[in-house]
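Here is how the chains run, residue by residue.
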Amino acid sequence: MKIIKTVKEFEDYRSSKIVSTKSIGFVPTMGALHKGHLSLIEKSVINNDITIVSIFVNPRQFNDQNDYNNYPINIDEDIKLLESVKCDVLFSPLNDDIYKSYSGFKMDFKGLDNLYEGEFRPGHFQGVVDIVYLLFSIVKPNNSYFGEKDFQQLAIIKLMVKQSGLKINIVPCPIVRELSGLAMSSRNKRLNVEEQGQASNIYKVLRIYKDKIKVSDNPQDIIIKITEEINKEEIFEVEYVVFCDAETLESIEKFKANTNIMLCLAVWCKKVRLIDNISLQF
Ligand code: AMP
């Protein structure tokens with residue numbers, strides 16, 4: 001695997017004759033890789049001539065300095081994992097280098113940046129758009145792979161691509177979970193084994209309600225029940241639970257037949273913020 005650390009070196013590589021005619025798959029990450037990331041990379045390896053993965057812990061998308069300072073970094077292990085799935089190139093730029101000549105992309109979030117994750121993480125989605133737009137402009141991929149775990153991020157990236165006119169196909173990838181059901185996340189590394197076991201209850205509650213909810217139920221009542229159920233465990237503090245339309249992300253006030261709905265939540269597990277979601281169809 002080729003490891004490229006500067007934008008200049010990457011641009012030279014990208015414009016070289018043997019690369020410029022190939023199909024490029026791209027997976028942006030913040031490292032501390034796990035099987036969730038690897039599932040995106042494996043999909044890219046199957047469907048593209050060259051797969052490029054970036055590792056960059058993007059300070060602009062952290063609204064909480066403590067979260068940024070404690071974000072797990074494990075580059076040696078990441079390199080081994082990337083090699084094991086036949087990634088072709090790792091691009092791991094430094095902050096000053098990548099943001100050096102960035103003029104930004106002003107997108108119309110259509111309010112999506114203020115909902116759910118955005119409400120509790122002000123500025124987060126602008127930071128995500130900053131780095132993803134910049135990486136897209138440098139990497140120039142044909143296909144780029146994003147996890148449905150970050151459901152709102154995926155919707156915003158699709159909107160950004162549409163508005164910017166970039167010719168990049170955004171490929172959504174399903175959530176990869178631990179055997180216990182806990183959604184894999186780099187932040188899980190900050191939980192001990194016992195806490196990880198307790199955290200798997202979050203998905204168990206989502207599963208129970210996915211099977212239980214009827215179209216005649218009141219979404220607000222279910223939100224209260226889910227919140228109470230999760231908060232029963234002392235280490236949890238639910239930040240939000242929401243039912244939203246899977247396409248528009250609009251919050252659902254009343255269930256209707258024949259609609260695709262996402263049940264999304266964020267939960268603090270001690271000092272670690274976890275997100276998860278599950279789809280429902282009536
Ligand atoms: P991150 O390193 O957290 O920025 O994540 C990089 C990409 O991996 C994003 O598109 C995430 O949505 C995706 N991802 C993270 N965790 C998972 C997971 N458990 N299953 C599938 N995709 C994931």
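Residues numbered from 1 in each chain as written. Predicted model: local features only at pLDDT ≥ 70, side-chain atom pairs only at ≥ 80, totals over all residues. Heavy atoms only, no water.

**Focus: the packing of helix 8 (residues 124-139) against helix 9 (residues 151-164)**
Worth spelling out the cut-off: Every angle, taken between N-to-C directions, lies between 0 and 180 degrees, and every axis is a line fitted to C-alpha atoms, over only the stretch in contact when it is a helix. Helix and strand labels come from DSSP, where a helix needs a run of H or I of at least four residues and a strand needs a run of E of at least two; each type is numbered from the N terminus. An angle below 35 degrees is treated as roughly parallel, one above 145 as roughly antiparallel, one from 65 to 115 as roughly perpendicular, and anything else as oblique. Should the near helix be turned anticlockwise from the far one by less than a right angle, the crossing is left-handed, and should it be turned clockwise, the crossing is right-handed. Here, two residues are considered to be in contact whenever any of their heavy atoms come within 4.5 Å of each other.
It is at 11 Å that the axes of helix 8 and helix 9 come closest, and there the two elements cross at 50°. Our classification of the angle between helix 8 and helix 9 gives oblique. Judged by the twist between their axes, the crossing of helix 8 over helix 9 is right-handed. Taking contact as the criterion, the partners of Phe125, Val128, Val129, Val132, Tyr133 and Phe136 in helix 8 are, on helix 9, Gln152, Gln153, Ile156, Ile157, Met160, Val161 and Ser164.

**Re the environment of Arg60**
Which entries qualify depends on this criterion: Polar contact is defined as a pair of N or O atoms within 3.5 Å, subject to the rule that within protein one atom must be able to donate a hydrogen and the other to accept it, and that residues adjacent in sequence are counted only when both atoms are side-chain atoms.
As for its placement among the helices and strands, Arg60 is situated in the loop between strand 3 (50-55) and helix 4 (65-69). In sequence terms Arg60 and Val128 are 68 residues apart; their C-alpha atoms lie 7.4 Å from each other. Non-local contacts of Arg60, meaning those with residues more than four positions away in its chain, are made with Tyr99, Tyr102, Gly123, Gly127 and Asp130. Among the polar contacts listed, one links the side chain of Arg60 to the side chain of Asp130, at a separation of 3.0 Å.

**Looking at the site of the ligand**
The line we're drawing: Consider each residue's heavy atoms; a residue with any of them within 4 Å of a molecule or strand counts as near. Using the Shrake-Rupley algorithm and a 1.4 Å probe, accessible areas are obtained, with residue cover drawn only from the displayed protein chains.
The ligand sits among 17 residues. The nearest are Met30, His37, Asp150, Val176 and Met184. One nitrogen or oxygen atom from the main chain of Met30 is found 2.9 Å from an oxygen atom belonging to the ligand. Here a nitrogen atom of the ligand sits 2.8 Å away from a polar atom, N or O, in the main chain of Met184. In isolation the ligand exposes 490 Å². Once the protein is present, 92% of that is buried. For the shell around the ligand, the secondary-structure elements that each account for two or more residues are strand 2 (24-29), helix 3 (35-47) and strand 5 (143-147). Counting residues per element, the shell around the ligand draws most heavily on helix 3, which supplies three residues.

**Concerning helix 9**
Inclusion rule: Here the expected length of a helix is defined as 1.5 Å per residue gap, with one fewer gap than residues. Per-residue accessibility, obtained with a 1.4 Å probe over protein chains only, is compared with the maximum for each type, and a residue is labelled buried under 20%, exposed over 50%, and partly exposed between these values.
Between its first and last C-alpha, helix 9 extends 20 Å over 14 residues, near the 20 Å set by a 1.5 Å rise per residue. Extensive coverage of helix 9 is indicated by the burial of ten of its 14 residues. Every buried residue of helix 9 is accounted for by Phe151, Gln152, Gln153, Leu154, Ala155, Ile156, Ile157, Leu159, Met160 and Val161. Where the residues of helix 9 are buried, they touch helix 7 (117-120), helix 8, strand 5, strand 6 (169-173), strand 8 (260-269) and strand 9 (272-281). Note on helix 9: the residue one or two positions beyond its end, Gly165, has a positive phi of about 75°.

**Things to note about the packing of aromatic side chains**
Definition in use: Here a pair means two rings of Phe, Tyr or Trp (six-membered ring of Trp) with centres within 6.5 Å. Their orientation is stacked below 30 degrees between planes, edge-to-face above 60, and tilted elsewhere. A positively charged side chain is recorded as over a ring if its NZ (Lys) or CZ (Arg) lies within 6 Å of the ring centre. The angle to the ring normal must also be within 35 degrees.
This structure, assessed with the given rule, holds 13 aromatic pairs. Ring centres of Phe10 and Phe91 lie 4.6 Å apart, and the angle between their planes is 35°; this geometry places the pair in the tilted category. Remark: Phe91 occurs in strand 4 (residues 89-91) and Phe10 occurs in helix 1 (residues 7-15); sequence separation between them is 81 residues. Among the residues examined, Phe10 registers a relative accessible area of 0% and is labelled buried. Through successive ring pairs, a cluster of aromatic residues spans Phe10, Tyr13 and Phe91. Here Arg60 stacks its cationic end above the ring of Tyr99, 3.8 Å away from the centre of that ring. Positioned over the ring face of Tyr209 is Lys212, at 4.8 Å from the centre of the ring.

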